[in-house]
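Here is how the chains run, residue by residue.
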Amino acid sequence: MEIQMWQIIALTILSMILIWDSLSTAVFDGKPIFAGILAGVIMGDVAVGLAVGATLQLMVLGVGTYGGSSMPDYLTGAIIGTVFAVTSGQGVDFGIGLAVPVGLLMVNLDVLARFCNVFFAKRVEAAIERLDYAAIKRNIWLGLVPWGLSRALPIFIMLVFGEDIVNGLVSNMPEWLTGGLSVAGGLLPAVGIAILLRYLPVKKYISYLLIGFFAAAYLAVPMVGIAILGVAMAVIAFRQSLNGNQAVVAANSGVSQEGLLDGEYED
Amino acid sequence: MENMKTNETRLTKKDINSLGKRWIMGSQITWNYEKQMAVGYLWAMLPIIRKLYKDPEEQKEMLRTHIQFFNTTPHMGGFICGIDAATEEHEGYKAKETVKGLKTGLMGPFAGVGDTLFGVLFPTIFGSIAAYMGQEGSMVGAIIWLLVNIAILIFRTFTAGIGYREGSKIITSAKDKLDALTAAATLLGVTVVGALVATVVRANVTATFKSGEITVNGQDILNQIMPCLVPVAVVAFIYWLLGRKKMTSTKAIILVMVLSILLHVVGILG
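Note that this is a predicted model, so its numbers are computed, not measured. (Residues numbered from 1 in each chain as written. Chains lettered and ligands numbered in written order. Predicted model: local features only at pLDDT ≥ 70, side-chain atom pairs only at ≥ 80, totals over all residues.)

Describing unusual backbone geometry
Residue and element names in this part refer to chain B. Our working rule: Where helices and strands are cited, they refer to DSSP runs of H or I of at least four residues and of E of at least two residues respectively, numbered from the N terminus. In this scheme every C-beta is placed from the backbone, and a residue whose C-beta has 20 or more other C-beta atoms within 10 Å is buried, one with 12 or fewer is exposed, and one in between is partly exposed.
Residue Gln36 is not a glycine yet carries a positive backbone phi of 55°. With respect to the secondary-structure elements, Gln36 resides in the loop between α1 (13-26) and α2 (38-52). Residue class for Gln36 comes out buried when judged on the 27 C-beta atoms lying within 10 Å of it. At Lys246, a residue that is not glycine, the phi angle is positive and equals roughly 70°. Mapped onto the elements of the fold, Lys246 is located in the loop between α9 (229-242) and α10 (249-265). Here Lys246 falls in the exposed class, since 5 other C-beta atoms lie within 10 Å of it.

Right, here's the structure in full:
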């Protein structure tokens, strides 16, 4: 069957709603099984959508996006896979076969959207310096645009131009770019951490930085364990500074002042 | 009046409800590599900042404070917003340093619990059921999962309120101990950041070295020196870069992207 224009528009809007939901209310949580079912409803074949979505769901079990890491975008994959499974008449497996490379390719747009929002964050910072609340609010909401477009644009293009362009894009994307971007996706959180280290009085607390690193890197302590360790040390430090003599208290109040200077980071 | 509460403006239940909802809707809409959820945090706190601080310079400084790097599980962030609101309500502007420490100290632990619970446990359990039943042609599993997610959303609307009430108690009892608390919270925060270096930054070394018949994997050699050596080096490098004049975080991000592509092309990272 041929896909209708209203279906293309409905699917494009669906992809935007799903990504925005996954960022906020999270009732569909960006999961491929829901994307498949909803795309199936629009395409008039829920059974195919459910089957494509369910298979993709099994592939992403336990895979989460933490600290800004990107994972294969099987939300977009499920929508595209469902549509072409229905329109080509070639069934569920064909749809899944298409959904996987699409999901792998689309992870690059997820990276791009997260990168584009640096721009709006900068504008928010500039607006803060002017104390311009209207601009602050406007630029925060504009952050939705890269997110929405990162799903809506590829879906719209792929549905309009059909599966040839899908296959062409997937096989022609140069490896240096896809591979390099995935390396960047792994390294970029380092920028956030480095900024945080500039912001915290890290020189004063260098031992604790090393302890946290040691526990995670050498002992493979999970984050909750790190937190328990940190809380334990924090309680000791808190008690000591309360029970300590006046000199200790004075030194401690000096700490936060000095820490501010150490941690000051001008962008 | 000096030893009285520094901030006479009181937050209402409505303020706190709005704080929770704003966090849910806003926490990730301006997610970006530099500040992660910081802009969303700012969005959640905006009305409270305007209500608590009348002096424009104080407002500006608190806005700057809340746009610093922040990242936690979206499901758990409401607690932190609530605790923060309680702290700022009671202590006012002089709590600025405490708030910084609290936020960085709490985001890791909350993310540790939240990511496990909402990022791994729930999706794995209900996702398995929904996917299994879906492959059998039944939507029942998917509907159950949807209902669970709606229940989680309802739970999330209460988190800011819980954080606010419990936070008030903590802050009121430790009122005179603000400096000690700041130091303790900062210590916790720094410990967590130390662990973040080892867990959040990913670098897979693909380079291999040939010595006669023997091929040695570059990652294995590095691991023998120190685990997470590359992440540490990258963080240290960017930390050093940021201390230089004219270097901005945006330039650092672009540099990392270019370096990533180059290192991948020459076969060092993959």
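Digging into the packing of helix α4 (residues 74-88) of chain A against helix α5 (residues 92-130) of chain A
Residues and elements named next belong to chain A. What counts, and what does not: Angles run from 0 to 180 degrees between N-to-C directions of axes, and those axes are lines fitted to C-alpha atoms, restricted for helices to the stretch in contact. Should an angle fall under 35 degrees it is taken as roughly parallel, and over 145 as roughly antiparallel, whereas 65 to 115 is taken as roughly perpendicular and any remaining angle as oblique. Crossing handedness: left-handed means the near helix sits turned counterclockwise from the far one by under a right angle, and right-handed means the same turn made clockwise. Throughout, a pair of residues is in contact if the C-beta atoms placed from their backbones lie within 7 Å. Note on residue classes: Ala, Val, Leu, Ile, Met, Phe, Trp, Tyr, Cys and Pro are nonpolar, Asp, Glu, Lys and Arg are charged, and everything else, Gly too, is polar.
Close contact between α4 and α5 brings their axes to 7 Å; oriented N to C, the two are set at 150°. As judged from the angle between their axes, α4 and α5 are roughly antiparallel. Judged by the sense of rotation from one axis to the other, the crossing of α4 with α5 is right-handed. Residues Tyr74, Thr76, Gly77, Ala78, Ile80, Gly81, Thr82, Phe84, Ala85 and Ser88 of α4 touch α5, and the partners they reach there are Val92, Phe94, Gly95, Ile96, Leu98, Ala99, Val100, Val102, Gly103 and Met106. Considering only residue class, the contact of α4 with α5 consists of 13 nonpolar, 7 polar and no charged.

A short note on the nonpolar core
Generally speaking, a soluble globular protein has its nonpolar side chains buried in company with each other. This is how it is decided: By convention the nonpolar core is taken to be a set of buried residues drawn from Ala, Val, Leu, Ile, Met, Phe, Trp, Tyr and Cys and joined through C-beta atoms within 7 Å. The source of the domain bounds is an automatic or database domain assignment.
Judged by nonpolar contacts, the single largest core of 161 residues is most densely connected at Ala39, Ala190, Val191 and Ile193 of chain A together with Ala184 and Val193 of chain B. Element by element, the count of residues in this core is highest for α5 of chain A, at 16 residues. Here this core spans two domains, since at least three of its residues come from each of domain 1 (5-198) and domain 2 (206-262) of chain A. If we ignore the near neighbours within four places in the chain, the residues touching Val191 of chain A are Tyr33, Glu34, Ile238, Ser249, Ala252, Ile253 and Val256 of chain B.

Examining the confidence of the model for chain B
Residue and element names in this part refer to chain B. Formally: The score called pLDDT rates the predictor's confidence residue by residue, from a low of 0 to a high of 100.
A residue-level look at chain B finds 91% of positions with pLDDT of 70 or above and a mean pLDDT of 85. Between the elements of chain B, mean pLDDT differs from a low of 75, seen in strand β1 (residues 208-211), to a high of 96, seen in α1. This stretch, residues 1-5, has a pLDDT under 50; its non-local contacts, to residues over four places away or in other chains, come to 1 contact. Of the two predicted TM-score estimates for the complex, the pTM is 0.73 and the ipTM is 0.72.

Side note on the environment of Val230 of chain B
All names here are of chain B. Inspection of the secondary structure puts Val230 in helix α9. Once the C-alpha coordinates of Val230 and Ala198 are considered, the two residues, 32 residues apart in sequence, prove to be 9.6 Å apart. Those residues within four positions of Val230 in sequence are excluded, and the remaining contacts are Ala203, Val205 and Leu222.

A look at the interface of chain B and chain A
In this complex, chain B contributes 95 residues to the contact, which on the side of chain A involves 94 residues. For the side of chain B that touches chain A, the element with the highest residue contribution is helix α7 (residues 178-199) of chain B, accounting for 21 residues. By residue class, the composition of the side of chain B that touches chain A is 55 nonpolar, 31 polar and 9 charged.

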